[in-house]
Amino acid sequence: MPDRVIPLARPVLGEPEERALVEVLRSGRLSLGPRLADFERGFAERVGAPLASAVSSGTAGLHLALRAVGVGDGDEVITSPFSFVASANAALYERARPVFADIDPVTLNLDPAPAAAAANVRTRALLPVHVFGYPADMPALERLAARHGLAIVEDACGALGAVHADGPAVGGRGHPAVFGFYANKQLTTGEGGMVALEDPLMKLRIDSEGNQGRAPDMGWLDHDRLGFNYRLSDIACALGIAQLERLEQLLAARREVAELYREALAGIEELALPCPDADGNRRGWFVFVVQLPDGADRDRVMGALAARGIQSKPYLPAIHLMSFYRERFGHREGEFPVCEDVGARSLALPFFPQMSEREVARVAEGLRAALHDRAPAR
Ligand SMILES: Cc1ncc(COP(=O)(O)O)c(C=O)c1O
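Residues numbered from 1 in each chain as written. Predicted model: local features only at pLDDT ≥ 70, side-chain atom pairs only at ≥ 80, totals over all residues. Heavy atoms only, no water.

**A closer look at the nonpolar core**
- Grouped together as the largest cluster of nonpolar side chains are 27 residues, with contacts concentrated most on Tyr261, Leu265, Phe288, Val290, Leu292, Leu349 and Leu367.
- Secondary structure elements with two or more residues in this core: helix H9 (247-265), strand E9 (288-291), helix H10 (298-307), strand E11 (346-349) and helix H13 (357-372).
- Per-element accounting of this core gives the leading share, six residues, to H13.
- Among residues more than four places away in sequence, those in contact with Val290 are Leu265, Leu271, Ala272, Leu273, Arg345, Ser346, Leu347, Leu349 and Leu367. (Core = buried A, V, L, I, M, F, W, Y, C linked by side-chain atoms within 4.5 Å. Buried < 20%, exposed > 50% of the residue type's maximum accessible area, 1.4 Å probe, protein only. Helix = DSSP H or I, 4+ residues; strand = E, 2+ residues; numbered from the N terminus. Contact = heavy atoms within 4.5 Å.)

**Structural notes on unusual backbone geometry**
- Tyr315 connects to Leu316 through a cis peptide bond whose omega is 10°.
- Here Leu316 is to be found in the loop between strand E10 (313-314) and helix H11 (323-329).
- Residue Leu108 is not a glycine yet carries a positive backbone phi of 70°.
- For Leu108, the location among the structural elements is in the loop between strand E3 (97-100) and helix H5 (112-118).
- Although it is not a glycine, Glu270 sits at a positive phi angle of roughly 65°.
- Along the chain, Glu270 falls in the loop between H9 and E9.

**A short note on H10**
- When we look at burial in H10, the residues that qualify are Arg298, Val301, Met302 and Leu305. Taken down its axis, H10 places every buried residue within 100° of arc, on the same side. Turned more than 90 degrees away from the buried face of H10, the exposed residues are Asp299 and Ala307.
- Looking at the buried residues of H10, the elements they touch are E10, helix H12 (337-345), E11 and H13. (Arc of directions from axis to C-beta.)

Structural data, given as structure tokens:
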């Protein structure tokens, strides 16, 4: 019998989630019910933030957070080109311009030096991304923001469980930090997100704008500002609460799978693994992304893995080289060499908490074989 396909991601859903869903269905309160505030409170506490606002997706959270810090028409937002496209798109929703700066070759996060070089009078905010769950260099970016009077919005969509070297968990520094709960994330509600933050007025604004511009004490008939429907349902919040209750186990299981990968992939020549935790920073494991050796044919490697029933994905492609960004802003190759090199070699391997040692070994064996056959005979 052929081996089962190993998917890229698989959420852990079981009895606690089933129980939570049955309860919320029986309660009859499917939206704007009591689970919304409970989930917000529990989440804020977990990341060490005073407050949190639940939203319908990470993307929605980024949009509302940028509005809340005052980003608008004609502003520039300095961000990483090595991210999921939503972080840059969020600035465009407000007719602001995402200005990219290159990344650090080890952490793959926004490099504070090129970010500083990109700052000018039009810059309104920094939007660092804790890519693949590794904390961005926030102390350096905070100094940069202070020097230029910039706001900060953190894209922590894949970084739940990460901890900064100087103490706070990712999300607990006071700037609005946006988390995502899509099905591949550390905690999932199917679709969903959360903005962790400190400022109560900012929370009021985010809650109102995510709920059609409605004020907390207002009936449905008057809306005093423009809003969106970015609400998270009580069904999703029920799932989120159940996942939050077992988050520590989910995070620990991801860490263990990452360790298994590290051992299984050791010794593959020129294969770069995710950077290990350094200087007191701790990754919140989200995905396991390797950098293939120079000259490896990534499509062929993916094909060879697929033939063995192993899913993989080029992850992440450089945002500035996507056709929409090239056409709109005239970006071209060579602008952000570190990001481009990493983007061309990155490959996400299957990664989820309940992945077995045997599955990790199968992936490692498949990758080793695919890379071994790569050099054509001369
Ligand atoms: C870094 C990053 N930013 C933003 C998003 C968007 O989140 P969502 O899919 O919940 O809108 C994601 C989703 O994977 C992400 O990884």
